[in-house]
Amino acid sequence: MKKKTQKQLDTFLEKLAERNPHQPEFQQAVKEVLQSVVPYIAQHEKYQDQALLERITEPERIITFRVVWQDDDGALHVNRGYRVQFNSAIGPYKGGIRFTPTVTPSVLKFLAFEQIFKNSLTGLPMGGGKGGSDFNPRDRSDSEVMRFCQAFMTELYRHIGPDTDIPAGDINVSAREIGYLYGQYKKIANVHQPVLTGKGLAYGGSKIRTEATGYGNVFFMREMLKRVGKEIEGTTAVVSGSGNVAQHTAEKWIALGGKVLAMSDSDGTIYDESGISQEKLEWIKDLKNNKRGRIKEYAKEFDAEFREGKKPWDIKSDVAFPCATQNEIEKKDAEKLVKNGCQALSEGANMPCTEAAMEVLRDSDILYAPGKASNAGGVAVSGLEISQNILRLSWSREEVEERLEKIMQEIHEKCLEYGIDDNGNADYVKGANIAGFVKVADAMIALGV
Ligand code: NDP
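In this text the structure is predicted, and so the values were computed from the model without any measurement. (Residues numbered from 1 in each chain as written. Predicted model: local features only at pLDDT ≥ 70, side-chain atom pairs only at ≥ 80, totals over all residues. Heavy atoms only, no water.)

Draft legend 1. Seen up close, a nonpolar patch on the surface. There is a patch of nonpolar side chains on the surface, built from Val68, Leu76 and Val78 and spanning about 290 Å² of accessible area. With respect to the helices, strands and loops of the structure, Val68 is situated in strand E1 (residues 61-70). (Patch = residues over 30% accessible without salt bridge, like charges linked within 9 Å, V, L, I, M, F, W, Y side chains within 5 Å. Areas by Shrake-Rupley, 256 points an atom, 1.4 Å probe, with all protein chains shown as cover. Salt bridge = Lys/Arg side-chain N within 4 Å of Asp/Glu carboxyl O. Helix = DSSP H or I, 4+ residues; strand = E, 2+ residues; numbered from the N terminus.)

Have a look at this one:
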């Protein structure tokens, strides 16, 4: 980066930190995107003198609300609900809802900011948003989760709509929670319309939506490997997490002939040297999705190793898929991956690498796919779910998967369009950031202020 451009970026980031104090995740996400975008703007007059950086880093609207609900013993609890409606230049706000105690305005602003560029990359007309609550569903009964979801939607419903804002699931919000949220929306609004995606197949969901983020992650990895003449067949992978994205990343990897050595949850990692087969993965799905158990139970069931409190990054493998949460790969983890000869890493989670870890990966020979490109399959199929709802049609599994594959290939191509360096190497981080930015910036300029 030229000195003058670097100075502009540093000055802007200083101001951003002043305007958004105590929001480290948001500041980290903005810095990551602007490191690619600011030099691009410096070379393209069209994007200058538009206050684009100031505008694109300021959410259009943030809604905060009180959620009061009653537990099974009759005690009352108060949580905080949020919806960050960040940018609607190219379409209605779109992005998931997350329920975990670590939900803060900083985390949701980072996620909504990332979502702007991710949604732009899919080629579908979707703006960026994100929401959630600091509610912890762990050890809560189904009835408690239902009452919480109903209380949450009782406020959220007035801020969303098929042409305004269409949330989906994220951490701890999957089929069960989406069902309760949608049920409450329908009860209040007395209308069936696409205001949520990730719905069950019985009431307007799309085939492959559950699988889409994980499958798309593997499709993106396949494109990266293909470009350098490598194949999935026989290639080993470690996957972090054992939730939605992790399960379906593992599933597609196994289906395409790869071997999965490890998965994890917030208690630790299971290492199965013989590989997690589809049959064992079905057991994990049942454990996690129905029994709501802990991954360590796998070790007992299948005589595998359980590494308490450990992440999977020190296990030697050909590729890595972080699919749990933000900043789960720190500098030392990235160094370990490089040292162990890992060839490619594709992010299923959002911003799973710290800034220092990203630097290590980008300075290495590892093919590195940022989440805004590689995990865009979920929101892409959410876009297809909306289309099917509007058309009142239900496409087959094959049709949706074929469209997903094509979208992931197109995202890969867009990354290359803006991300090839002078030596012909692909910088997917730069490519994804600029390709995502250009469409949104063009729309923002066209729409005026
Ligand atoms: P799930 O709730 O289904 O699964 C999350 C998994 O990550 C669980 O195994 C959980 O373990 C683990 N995890 C969560 N927090 C931590 C932590 N602090 N340390 C270690 N492990 C942790 O969520 P999803 O699979 O839907 O989401 C995973 C990631 O993918 C998130 O970053 C999300 O934003 C991103 N993503 C999801 C999309 C989707 O379609 N669902 C789309 C695009 C991105 P435990 O059970 O112990 O909590």
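Draft legend 2. Up close: the nonpolar core. Ranked by internal contacts, the top residues of the largest apolar core, which has 50 residues, are Phe220, Trp253, Met263, Phe321 and Ile411. Take this core: its biggest share by element is eight residues, from helix H7 (residues 209-227). Judged by nonpolar contacts, the second largest core, of 39 residues, contains Phe26, Ala29, Ile56 and Leu111. (Core = buried A, V, L, I, M, F, W, Y, C linked by side-chain atoms within 4.5 Å. Buried < 20%, exposed > 50% of the residue type's maximum accessible area, 1.4 Å probe, protein only.)

Draft legend 3. Seen up close, helix H5 (residues 142-156). For H5, with 15 residues, the first-to-last C-alpha span of 21 Å sits near the 21 Å given by 1.5 Å per residue. If you check which residues of H5 are buried, you get Glu144, Val145, Phe148, Cys149, Ala151, Phe152, Met153 and Leu156. Residues of H5 that are buried in the fold lie against E1, strand E2 (76-87), strand E3 (93-99), strand E4 (127-133), strand E5 (165-168) and helix H6 (175-189). (Expected span 1.5 Å × (residues − 1). Contact = heavy atoms within 4.5 Å.)

Draft legend 4. Main features of the sheet that holds E2. Read across the sheet, five strands follow the order E1-E2-E4-E3-E5 without closing on themselves; strand pairing throughout is mixed. Where the open sheet ends on each side, the last strands, each with one partner, are E1 and E5. For this sheet, the mean angle separating the axes of adjacent strands, direction not counted, is 20°. In terms of strand pairing, E2 meets E4 through six bridges, oriented antiparallel. Pairing of Gln85 across the sheet is with Gly129, part of E4. (Pairing = 2+ DSSP bridges. Axes fitted to C-alpha atoms, helices over the stretch in contact; angles between N-to-C directions.)

Draft legend 5. Region of the structure containing the site of the ligand. As a matter of local geometry, the ligand sits amid 24 residues, with Asp170, Thr213, Ser266, Arg294 and Asn350 nearest to it. A distance of 2.4 Å separates an oxygen atom of the ligand from a polar side-chain atom of Ser266. Here an oxygen atom of the ligand sits 2.6 Å away from a polar atom, N or O, in the side chain of Arg294. Broken down by secondary-structure element, the contributors of at least two residues to the shell around the ligand are H7, helix H8 (244-255) and strand E7 (259-265). Tallied by class, the residues present in the shell around the ligand amount to five nonpolar, twelve polar and seven charged. Residues lining the shell around the ligand come from more than one domain, with at least three contributed by each of domain 2 (61-192) and domain 3 (212-374). (Near = heavy atom within 4 Å. Polar contact = N/O pair within 3.5 Å; in protein donor to acceptor, adjacent residues only side chain to side chain. Nonpolar A, V, L, I, M, F, W, Y, C, P; charged D, E, K, R; others polar. Domains from an automatic or database assignment.)

Draft legend 6. Focus on the environment of Met408. Structurally, Met408 can be placed in helix H15 (residues 397-419). For Met408, the contacting residues outside a window of four places in its chain are Gly216, Phe219, Phe220, Ala373, Ser374, Ala376 and Gly377.

Draft legend 7. Region of the structure containing helix H2 (residues 24-42). For H2, spanning 19 residues, the distance from its first C-alpha to its last is 26 Å, which sits close to the expected 27 Å at 1.5 Å a residue. At Leu34, H2 shows its maximal bend, which comes to roughly 40°. The buried fraction of H2 is high, at 14 of 19 residues. (Bend = angle between axes of the 7 residues up to and from the residue.)

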